[in-house]
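Tertiary structure, described
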Amino acid sequence: MLRGINDTSADAARLLQLLKPIACKVNLIQFNAHDGTRFAPSTTDNVKAFRAALIAGGRVCTVRDSRGDDEMAACGQLGDAA
């Protein structure tokens, strides 16, 4: 999730609308910041609020643990670090 890009209550509401005809589970993943990016990860509070909104909308929703950021292989980091 990207701070200020896709982590607001309005974003959660739009996602719920898009998912109405789709039976699915939602996995939220915070962006892993790295040198050279203009993006920042969503705050923990925003992720919790987003998840709560999806659950209140009847969706199964989990927050994925971040892994791989020490190897530039985490969410948002795939690529050449050189």
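For the structure, check the block above.
Residues numbered from 1 in each chain as written. Predicted model: local features only at pLDDT ≥ 70, side-chain atom pairs only at ≥ 80, totals over all residues. Heavy atoms only, no water.

What to know about the environment of Asn32
One can find Asn32 in the loop between β1 (25-28) and α2 (44-56). For Asn32, a relative accessible area of 11% translates into the label buried. In sequence terms Asn32 and Leu2 are 30 residues apart; their C-alpha atoms lie 9.2 Å from each other. (Helix = DSSP H or I, 4+ residues; strand = E, 2+ residues; numbered from the N terminus. Buried < 20%, exposed > 50% of the residue type's maximum accessible area, 1.4 Å probe, protein only.)

Some thoughts on α2
Between its terminal C-alpha atoms α2 stretches 18 Å, which fits the 18 Å expected from 13 residues at 1.5 Å a residue. Three or more residues of α2 are buried, namely Val47, Phe50 and Leu54. The arc that holds the buried residues of α2, viewed along the axis, is 65°, so those residues lie on one side. Exposed residues lying more than 90 degrees from the buried face of α2 are Asp45, Lys48 and Ala56. Lining the buried residues of α2 we find α1 (9-19), β1 and β2 (60-63). (Expected span 1.5 Å × (residues − 1). Arc of directions from axis to C-beta. Contact = heavy atoms within 4.5 Å.)

Details of the nonpolar core
Listed in full, the 10 residues of the largest apolar core are Met1, Ala12, Leu16, Leu19, Val26, Leu28, Val47, Phe50, Leu54 and Cys61. At the level of secondary structure, the elements contributing two or more residues to this core comprise α1, β1 and α2. The contact partners of Cys61, leaving out residues within four places of it in the chain, are Val26, Leu28, Arg51, Leu54 and Ile55. (Core = buried A, V, L, I, M, F, W, Y, C linked by side-chain atoms within 4.5 Å.)

Notes on the environment of Ile29
Structurally, Ile29 can be placed in the loop between β1 and α2. When its relative accessible area of 32% is taken as the criterion, Ile29 is described as partly exposed. For the pair Ile29 and Pro41, spaced 12 residues apart in the sequence, the C-alpha separation amounts to 9.2 Å.

A few points about the packing of aromatic side chains
Tallying each qualifying case throughout the model produces one aromatic pair. Judged by centre distance (6.1 Å) and plane angle (75°), the ring pair of Phe31 and Phe39 falls under edge-to-face. Of the residues examined, Phe39 reaches a relative accessible area of 30% and is grouped as partly exposed. (Phe/Tyr/Trp six-rings, centres within 6.5 Å; stacked < 30°, edge-to-face > 60°.)

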